[in-house]
Amino acid sequence: MAVLFAVVLLAGGLGGCGISMPGDPDGTLERVSGGTLRVGVTDNGKWASIGDGQEPRGIEPGLVRSFASSISATPEWAAGSEQELTKALKEGDLDLVIGGFAADTPWATHAGTTRPYTESKDAYGKTVKHVFLVPLGENGFLLALDRFLLEQDVQA
Amino acid sequence: MSRTGTAGKFGNTELPQEQKDALQKAIRFEWITLAFLTVSTALVFLVLGNSQAMKAAWIEDLLSFLPPIAFLLAARLIRRPPTEKHPYGYHRSVGIAHLVAAVALVAMGSFLIVDSGAGLLSAEHPTIGGIELFGHTIWLGWLMVAAMLLTAGPPVYLGRVKIKLAEKLHDKVLYADADMNKADWMTAGAAAVGVLGIGVGLWWADYAAALLISVSILRDGVKNLRGAVGALIDTRAHTVDDSAPDPLNRRIDVYLKGLPWVSQAASRIRDEGHVFHIESFVVPAGGAVPSLETLEDARKACAGLDWKVQDLVIIPVAKLPKEFLPGLRSPGAEY
């Protein structure tokens with residue numbers, strides 16, 4: 001029982017001290033707020049498209065811009081394949097990867113996924129739930145992004 | 001023998017009222033345990049997320065199904081009276097059930113230690129995001145902590161009740177089950193602390209909690225395995241918590257030696273699960289062979305000492321056989 005009591009105290013104490021729960025082991029949310037949000041974009045039709053010398057366009061770059069402005073961040077875009085971008089995300093060189101990723105993405109061992117923000121049908125008639133990829137374990141940043149995405153009403 | 005006549009029996013052993021009541025209560029409480037586990041595993045599964053500690057706690061919950069199921073199956077089987085094919089009855093079904101549950105605990109405990117250790121070494125940060133609940137997006141970690149706190153209390157109560165029943169019934173599966181239930185709040189507490197650790201940015205707290213839980217599963221497994229194998233290999237009868245040799249051994253020997261026609265007596269006892277199988281060697285005083293009535297009276301009197309004593313044979317011998325009674329000190333000085 002003592003441990004349970006300690007858990008309650010700990011939880012209450014943390015709330016009371018104003019420590020934000022959850023926090024980021026690598027401090028992503030704190031760093032990007034008011035700073036630069038490094039976003040990897042992989043070309044994927046209406047979800048994200050990359051033109052020469054232009055900023056990325058599509059549903060997801062639009063969402064990222066709104067999110068970035070909500071935390072006073074400036075997006076810095078990097079284009080690449082899924083392989084390159086998830087690797088960079090894992091190595092801490094990117095904060096976010098977009099490009100029509102599904103909730104059941106095989107990259108989930110290298111990256112965290114947000115809550116699905118919209119659904120679409122793929123070529124086989126199967127429902128695809130769309131997510132962004134975030135660094136593993138940056139839970140404060142992930143929750144901020146989840147909160148933002150779930151407030152949006154995205155029709156694919 | 002009618003079907004209804006076997007309800008208050010362990011094989012041929014007619015249970016005293018106290019044990020009959022304890023058995024009924026134990027069966028009821030094991031069903032309650034199963035019902036609780038169904039709810040709690042479902043609840044924990046819903047909020048499992050990516051936490052290794054939650055995964056470990058959930059697997060422990062799943063494993064907790066085994067001992068009650070083992071007990072309920074065994075409780076059914078041991079009612080059967082001995083048959084021509086099974087002259088010793090079905091008491092050993094308790095031991096088999098116990099062994100199966102113990103092996104499952106050892107296997108899963110070992111797997112989880114490796115799994116959690118690998119996670120810790122790879123430094124893969126557990127990712128737990130938000131979840132939409134009643135229109136608000138809250139951190140899933142809070143739900144995990146809530147689920148752990150909700151499911152921490154009931155097993156402690158169930159364990160406390162069952163451990164008393166296990167002592168009355170001399171049932172080691174029930175005892176092991178109750179013992180695990182009693183310690184269940186520590187698992188829940190560890191998982192909650194692990195999740196809160198993730199919350200404050202200490203990613204390793206999750207794996208540390210998971211390792212703690214895994215070690216406790218493995219320890220339960222080893223403890224049970226030792227008990228189960230010990231019972232199946234006919235270790236001398238111990239008390240239900242395996243802390244000491246069962247005092248009945250001494251009581252029977254003392255009783256037999258106290259009889260006027262007996263000069264020496266020593267028994268070996270094996271624990272069949274609930275009841276004991278006992279062979280008592282007696283050396284009649286003056287070498288005179290006792291009458292059949294005398295032997296039968298002594299047997300009945302021994303069986304009257306405790307409900308667990310029913311299958312007892314008295315073997316008159318010229319000299320206590322050392323090969324069957326290891327540890328026998330110089331004749332006549334056993335106690």
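Quick caveat: nothing in here was measured; it's all calculated off a predicted structure.

Undergrad: Mind showing me how you'd approach the overall build of chain B here?
TA: Of the regular secondary structure elements, chain B holds ten helices and seven strands. Rg of the C-alpha trace for chain B: 25 Å, well past the compact-globule value of 20 Å for 335 residues, more than 25% over. Dimensions of chain B, computed from C-alpha atoms along their principal axes, come out at roughly 90 × 45 × 30 Å. Residue burial in chain B is summarised as follows: out of 335 residues, 44% are buried. Sequence separation of 24 or more characterises 71% of the internal contacts of chain B that already satisfy a separation of 6 or more.

Undergrad: For this particular structure, what's the right way to read helix α3 (residues 66-77) of chain B?
TA: Residues and elements named next belong to chain B. Look at α3: 16 Å from first C-alpha to last across twelve residues, which is about the 16 Å you get at 1.5 Å a residue. When α3 is considered as a whole, its buried residues turn out to be Leu66, Pro67, Pro68, Ala70, Phe71, Ala74 and Ala75. Packed against the buried residues of α3 are α1 (17-46), α2 (52-63), α4 (93-122) and α6 (172-182).

Undergrad: Can you walk me through the interface of chain A and chain B in this structure?
TA: Often the size quoted for an interface is simply the accessible area lost on bringing the parts together. Facing 24 residues of chain A, the contacting portion of chain B comprises 25 residues. Counting residues per element, the ones that place at least two in the side of chain A that touches chain B are α1 (2-17) and α5 (139-151) of chain A. In terms of residue class, the side of chain A that touches chain B is built from 15 nonpolar, five polar and four charged.

Undergrad: Honestly, the domain arrangement of chain B in this entry has me stumped. Any pointers?
TA: Residues and elements named next belong to chain B. Taken domain by domain, chain B consists of domain 1 (4-232) and domain 2 (236-335). Between the C-alpha centres of domain 1 and domain 2 the distance comes to 38 Å. At the interface, 21 residues of domain 1 touch eleven residues of domain 2. At the level of secondary structure, the elements contributing two or more residues to the side of domain 1 that touches domain 2 comprise α4, α5 (140-169), α6 and α8 (203-232). Tallying contributions element by element places α5 first for the side of domain 1 that touches domain 2, with three residues.

Undergrad: Before we go on, may I ask you to explain the pairing of strand β3 (residues 130-133) of chain B in this structure?
TA: Two faces make up the sheet, and in a regular strand the side chains alternate between them. Residue and element names in this part refer to chain B. With four bridges connecting them, β3 and strand β4 (residues 136-139) associate as antiparallel partners. Paired with Glu132 across the two strands is Thr137, which belongs to β4. The turn linking β3 back onto β4 is made up of two residues, and Phe134 within it adopts a positive phi angle of 50°.

Undergrad: Even after reading the chapter, I still don't get unusual backbone geometry, so can you show me in this structure?
TA: Glycine aside, negative phi is the norm for most residues, and most peptide bonds take the trans geometry. Despite not being glycine, Ser72(A) has its phi angle at roughly 55°, a positive value. Relative to the elements of secondary structure, Ser72(A) occurs in the loop between α3 (59-70) and β2 (74-79). Phi is positive for Asp242(B), close to 60°, though the residue is something other than glycine. Within the secondary structure layout, Asp242(B) lies in the loop between α8 and α9 (248-258). A residue is classified by how many C-beta atoms lie within 10 Å of it, and Asp242(B), with 16 of them, is partly exposed.

Undergrad: How should the confidence of the model for chain B be read in this particular structure?
TA: Keep in mind that low pLDDT regions are not for reading the predicted coordinates in detail. Residues and elements named next belong to chain B. In this model, chain B carries a mean pLDDT of 87, and residues with pLDDT of at least 70 account for 96%. Averaged over each element, pLDDT in chain B is lowest for strand β1 (residues 9-10) (74) and highest for α1 (93). Within the model, pLDDT remains below 50 along residues 330-335, and this stretch shows ten contacts once partners closer than five positions in the same chain are excluded. In the predicted assembly, ipTM is 0.81 and pTM is 0.81.

Quick notes on the rules
Residues numbered from 1 in each chain as written. Chains lettered and ligands numbered in written order. Predicted model: local features only at pLDDT ≥ 70, side-chain atom pairs only at ≥ 80, totals over all residues. Helix = DSSP H or I, 4+ residues; strand = E, 2+ residues; numbered from the N terminus. Rg over C-alpha atoms; globule rule 2.2 N^0.38 Å. Buried ≥ 20, exposed ≤ 12 C-beta atoms within 10 Å, placed from the backbone. Contact = placed C-beta atoms within 7 Å. Expected span 1.5 Å × (residues − 1). Nonpolar A, V, L, I, M, F, W, Y, C, P; charged D, E, K, R; others polar. Domains from an automatic or database assignment. Pairing = 2+ DSSP bridges. pLDDT = per-residue confidence, 0-100.

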